[in-house]
Amino acid sequence: MNASATPDAGPPAGPSGPVIDAAFVRRWLSAATNAVDREADRLTELDSAIGDADHGANLRRGFTAASAAVDKAPPDTPGGVLFLVGRQLISTVGGASGPLYGTLLRTAGKELGDGATAAPQELSAALRAGVEGVGRLGGAAPGDKTMLDALIPAVDALASALESGAGLVPALAAARIAANEGAQATVPLQARKGRASYLGPRSVGHQDPGATSAALLVSALCQVAEATDEESAA
Amino acid sequence: MSGQTVGVVLVSHSAAVAASVAELAVGLSGGGAAVAVRPAGGMPDGGLGTSAELIAAAVRSAESGAGVAVLVDLGSAVLTVKALLEDGELPDSARLVDAPFVEGAVAAVVTAGAGADLAAVVAAAEEAYTYRKV
């Protein structure tokens, strides 16, 4: 643990893992933008099975715009970065995922307030508040074959891992597993929200694109925590 | 009566649908010419989708002091307007109306053109759901 010897290695790891500051959230934004860009075709393909075939392109446009906005005027708190990304998604995505993810991040950002860093438990509580905001906005319940089917298990896993004493990195790894399993578990479900719900039983057998992108975003968060942790331990 | 007229904003995934419904509602309403009816359809590049930017501009342009009734088609149009309202990015006087798009637009423009207040315009548009066709 001699992080101070390497000034470029990012913030030092605390006892519970990497420090969650504005730079941490910006690294997540960058990883998320890359993941969305890389997986855009797959998301659109999933969306062409049961939706209107624009999920990948919409998220790519939104995250690219959000990255540009944050680069242009970088907020100096983790809450500030999340809030700005949320706003950008609402204004640029053009599909339902814009207001939904936008509400998630904007609510989480507000919840974090203006602290320069956030404790893992604070991040966990803020993300839960954001996910609850998604539920209120869209009116979906677990099992409706939506992004909530990945997001709710993820925030549950994160909270319970932290509660049982895990550090940020293993807790986010648990959240990533829960999000991926939640997304895969949407395959046999019948959609009850959004355009896919018009398909009725024909929506069964397809993985929900929103749950899939939600798992990507959670996975990017875990990846950034792992990388930050390794760098500062190096 | 304040002398000001309630504005109406029509949000659709399609610019053509929003503009045509606006034209239809004004055309069918008689007094509708006095009402600020603003379409907010599609994406800024002309593609299908919902644009927060176009919605916010339409609401600002429809507001003359008596409030604005915002009618939406479906999906992201509903969610985008809700998200904008929740965060105070639309004027406080803007109201998301739970109404069928075409019938609600006609009812809203007719009622606004008759000089009714925002609550009455919203109620008239929402009542359009109760009109059965068969």
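Residues numbered from 1 in each chain as written. Chains lettered and ligands numbered in written order. Predicted model: local features only at pLDDT ≥ 70, side-chain atom pairs only at ≥ 80, totals over all residues. Heavy atoms only, no water.

(A) Region of the structure containing the overall build of chain A. Regarding its fold elements, chain A presents 8 helices and 2 strands. Sequence-ordered secondary structure for chain A, helices as α and strands as β, is β-α-α-α-α-β-α-α-α-α. Against the 2.2 N^0.38 benchmark of 17 Å for 234 residues, chain A shows a C-alpha radius of gyration of 17 Å, consistent with a compact globule. With the C-alpha coordinates of chain A rotated into their principal frame, the extents come out at 60 × 40 × 30 Å. Across chain A, every contact between residues at least 6 apart in sequence was considered, and the portion connecting residues at least 24 apart equals 68%. Mean positive and mean negative side-chain charge positions of chain A (18 and 25 charges, respectively) differ by 8 Å. (Helix = DSSP H or I, 4+ residues; strand = E, 2+ residues; numbered from the N terminus. Rg over C-alpha atoms; globule rule 2.2 N^0.38 Å. Contact = heavy atoms within 4.5 Å. Lys, Arg positive; Asp, Glu negative; His and termini not counted. Charge placed at Lys NZ, Arg CZ, Asp CG, Glu CD.)

(B) Structural view of the environment of Phe83 of chain A. Position of Phe83 of chain A among the secondary structure elements: in helix α3 (residues 78-92). In sequence terms Phe83 of chain A and Asp149 of chain A are 66 residues apart; their C-alpha atoms lie 23 Å from each other.

(C) Looking closely at the packing of aromatic side chains. Residues and elements named next belong to chain A. In the structure shown here, the tally under the stated rule is 1 aromatic pair over all chains. Consider the rings of Trp28 and Phe63, whose centres lie 6.4 Å apart with planes at 75 degrees: the pair is edge-to-face. Placement of Trp28 in helix α1 (residues 22-50) and of Phe63 in helix α2 (residues 55-72) is noted, with a sequence separation of 35 residues between them. Like Trp28, the residue Phe63 is buried in the burial classification. (Phe/Tyr/Trp six-rings, centres within 6.5 Å; stacked < 30°, edge-to-face > 60°. Buried < 20%, exposed > 50% of the residue type's maximum accessible area, 1.4 Å probe, protein only.)

(D) Spatial organisation of the nonpolar core. Of all hydrophobic cores here, the largest spans 83 residues; its most connected members are Trp28 and Phe63 of chain A together with Val9, Val11 and Val70 of chain B. Excluding residues that lie within four positions of it along the chain, Val9 of chain B makes contacts with Arg38, Ala40, Ala58, Val59, Ala62, Val68, Ala69, Val70 and Leu71 of chain B. Judged by nonpolar contacts, the second largest core, of 23 residues, contains Ala22, Ala25, Val97 and Leu118 of chain B. (Core = buried A, V, L, I, M, F, W, Y, C linked by side-chain atoms within 4.5 Å.)

(E) Structural detail: the UniProt feature "domain: DhaL" (unreviewed entry) in chain A. Following the UniProt record, the feature "domain: DhaL" (unreviewed entry) maps to residues 23-223 of chain A here. Counting secondary structure, residues 23-223 of chain A comes out at 72% helix and 1% strand; the distance between its end C-alpha atoms is 14 Å. (UniProt positions renumbered as here; feature names shortened; annotations may be inferred.)

(F) Quick look at the pattern of salt bridges. Using the criterion set out here, one finds 12 salt bridges over all chains in the structure. With a shortest N-O distance of 2.7 Å, Arg60 of chain A and Asp37 of chain A are connected by a salt bridge. Remark: Asp37 of chain A occurs in helix α1 and Arg60 of chain A occurs in helix α2; sequence separation between them is 23 residues. Assessed through its relative accessible area of 40%, Asp37 of chain A is described here as partly exposed. Between Asp144 of chain A and Arg192 of chain A there is a salt bridge, with its nearest N and O atoms 2.8 Å apart. Of this pair, Asp144 of chain A sits in the loop between α5 (120-138) and α6 (148-163) while Arg192 of chain A sits in the loop between α7 (168-184) and α8 (209-233), and the two are 48 residues apart along the sequence. Asp144 of chain A gets classed as buried once you look at its relative accessible area, which sits at 7%. Given a relative accessible area of 52%, Arg192 of chain A falls into the exposed group. The network of salt bridges with shared partners includes Arg87, Arg106 and Lys110 of chain A together with Asp87 and Glu89 of chain B. (Salt bridge = Lys/Arg side-chain N within 4 Å of Asp/Glu carboxyl O.)

(G) Quick peek at the sheet that holds strand β4 (residues 94-96) of chain B. Residue and element names in this part refer to chain B. Read from one edge to the other, the open sheet built from 4 strands follows the order β2-β1-β3-β4, with strand pairing classed as parallel. In the strand order of this sheet, the two ends are held by β2 (37-41) and β4, each with one partner. Each strand of the sheet is rotated relative to its neighbour by a mean of 20 degrees, with strand direction disregarded. Alignment of strand β1 (residues 7-12) against β2, held across 5 bridges, turns out to be parallel. Bridge assignment links Leu10 to a residue of β2, and that residue is Pro39. (Pairing = 2+ DSSP bridges. Axes fitted to C-alpha atoms, helices over the stretch in contact; angles between N-to-C directions.)

(H) Spatial organisation of the environment of Ser20 of chain B. Relative to the assigned elements, Ser20 of chain B resides in helix α1 (residues 15-28). C-alpha separation for the pair Ser20 of chain B and Gly113 of chain B, spaced 93 residues apart in sequence, amounts to 18 Å.

(I) The interface of chain B and chain A, seen in detail. In this complex, chain B contributes 14 residues to the contact, which on the side of chain A involves 18 residues. Roughly 1200 Å² is buried in total at the junction of chain B and chain A, and carbon and sulfur atoms are behind 57% of that figure. Linking chain B to chain A there are 4 salt bridges. Applying the counting criterion to the chain B and chain A interface returns 6 residue pairs in polar contact (both at pLDDT 80 or more). For the side of chain B that touches chain A, the leading source of residues is helix α3 (residues 76-86) of chain B, giving 7 residues. A breakdown of the residues in the side of chain B that touches chain A according to their chemical character gives 6 nonpolar, 4 polar and 4 charged. (Buried area = accessible area lost by both parts, 1.4 Å probe. Polar contact = N/O pair within 3.5 Å; in protein donor to acceptor, adjacent residues only side chain to side chain. Nonpolar A, V, L, I, M, F, W, Y, C, P; charged D, E, K, R; others polar.)

(J) The packing of α3 of chain A against helix α4 (residues 97-112) of chain A, seen in detail. All names here are of chain A. Running from N to C, α3 and α4 cross one another at 160 degrees; their axes reach a closest spacing of 7 Å. Between α3 and α4, the crossing angle belongs to the class labelled roughly antiparallel. Considering only the axes of α3 and α4, their crossing is left-handed. Where α3 abuts α4, its residues Pro78, Gly79, Leu82, Phe83, Val85, Gly86, Arg87, Leu89 and Ile90 lie against Gly98, Pro99, Tyr101, Gly102, Thr103, Leu105, Arg106, Ala108, Gly109, Lys110 and Leu112. Each residue belonging to the contact of α3 with α4 can be placed in one class, and the counts come to 11 nonpolar, 6 polar and 3 charged. (Parallel < 35°, antiparallel > 145°, perpendicular 65-115°, else oblique. Left-handed = near helix turned anticlockwise from the far one by under 90°.)

(K) Structural context of the side chain of Ser203 of chain A. Residue and element names in this part refer to chain A. Tracing the chain through its elements places Ser203 in the loop between α7 and α8. Given the relative accessible area of 0%, Ser203 is considered buried. Ser203 has contacts with Ile50, Lys145, Val187, Leu189, Gln190, Ala191 and Ala196, leaving out every residue within four places of it along the chain.

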